[in-house]
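The primary structure of each chain is shown beneath.
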Amino acid sequence: MGSMDLPEMSTARPKSTCRRTDSGRCSNHLQQRFSQDAPDLVRVSDITYLRAGGKWYYLCVIIDLFSRKVISWHLSGKADVSLVITVFQKAYACRNSPCGLMFHSDRGTQYTAFAFRQLLDSLNVVQSFSKKGYPFDNAVCECFFKYLKKEETNRRTYRTFDELHLSIFEYIEGYYNTRRPHSSPGYLTPKEAESAYWGQN
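Residues numbered from 1 in each chain as written. Predicted model: local features only at pLDDT ≥ 70, side-chain atom pairs only at ≥ 80, totals over all residues. Heavy atoms only, no water.

Caption draft 1: Region of the structure containing the pattern of salt bridges. Throughout the structure, instances matching the rule amount to five salt bridges. With its nearest N and O atoms 3.0 Å apart, the salt bridge here joins Arg43 to Asp40. Given the relative accessible area of 1%, Arg43 is considered buried. For Asp40, a relative accessible area of 12% translates into the label buried. Of the charged contacts, one joins Glu151 and Arg180 as a salt bridge, the two residues approaching to 2.8 Å between their closest N and O atoms. Here the residue Glu151 occupies a position in helix α4 (residues 139-151), and Arg180 occupies one in the loop between α5 (161-176) and α6 (190-200), the gap between them amounting to 29 residues. Here the salt bridges do not stand alone but share partners, grouping Asp40, Arg43, Arg95 and Glu194 into one network. (Salt bridge = Lys/Arg side-chain N within 4 Å of Asp/Glu carboxyl O. Buried < 20%, exposed > 50% of the residue type's maximum accessible area, 1.4 Å probe, protein only. Helix = DSSP H or I, 4+ residues; strand = E, 2+ residues; numbered from the N terminus.)

Caption draft 2: Expanded view of the packing of helix α1 (residues 81-94) against helix α3 (residues 114-122). Direction vectors running N to C along α1 and α3 enclose 20°, while the axes themselves pass 9 Å from each other. Considering the angle they form, α1 stands roughly parallel to α3. Contacts between α1 and α3 involve Val81, Val84, Ile85, Phe88 and Gln89 from the former and Ala115, Phe116, Leu119 and Leu120 from the latter. Taken together, the residues that form the contact of α1 with α3 break down as eight nonpolar, one polar and no charged. (Axes fitted to C-alpha atoms, helices over the stretch in contact; angles between N-to-C directions. Parallel < 35°, antiparallel > 145°, perpendicular 65-115°, else oblique. Contact = heavy atoms within 4.5 Å. Nonpolar A, V, L, I, M, F, W, Y, C, P; charged D, E, K, R; others polar.)

Caption draft 3: Examining α3 more closely. Of the residues making up α3, those classed as buried are Phe116, Arg117, Leu119 and Leu120. Buried residues of α3 fall within an arc of 155° about the axis and therefore sit on the same side. Exposed and facing more than 90 degrees away from the buried side of α3 are Phe114, Asp121 and Ser122. Looking at the packing, one finds that the buried side of α3 touches α1, β4 (102-105), α2 (109-112) and β5 (126-129). Positive backbone phi, approximately 60°, marks Asn124, located one or two places after α3. (Arc of directions from axis to C-beta.)

So, in structure tokens, the structure goes:
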């Protein structure tokens, strides 16, 4: 899509809302164990920002570590706790409410917020956090965002929220989950990895 007649867009990055809070403990239970033996054991999450029509929008994803499948995502104009809660509830509902789940993220205020931690506690979900300022502890999400931008969003210009939303939908649902192989599950696509697992169990 060309850039003709597009509104001028600021190149300044949005201000980060990811600050450390002292409410509750922030333990790293995952310890970079990114390879899991089954689906629905560990989910990882993060937020990135993307531009459309001169505005910043925030994409939150939740990925299952076994298959690398993006099982839930949401695009919003605000990077707040409501965004994270929305994505978590969508993922939790569509995967039959698994028991014994671990949820890993960075220490952004969205994830350390009382409302979100209370939600996870009510569902007996173990919450795990990356070390402060250490993105390698959440490398799977970082890698997903890297390829989303390299293969899709950095190659296009978006005039509206709807254009950006459709592009992300087509990338995740039409390519990443169904056609893009990943080394971790034996160079299968996320869909193939989960189909193979459930076919054997």
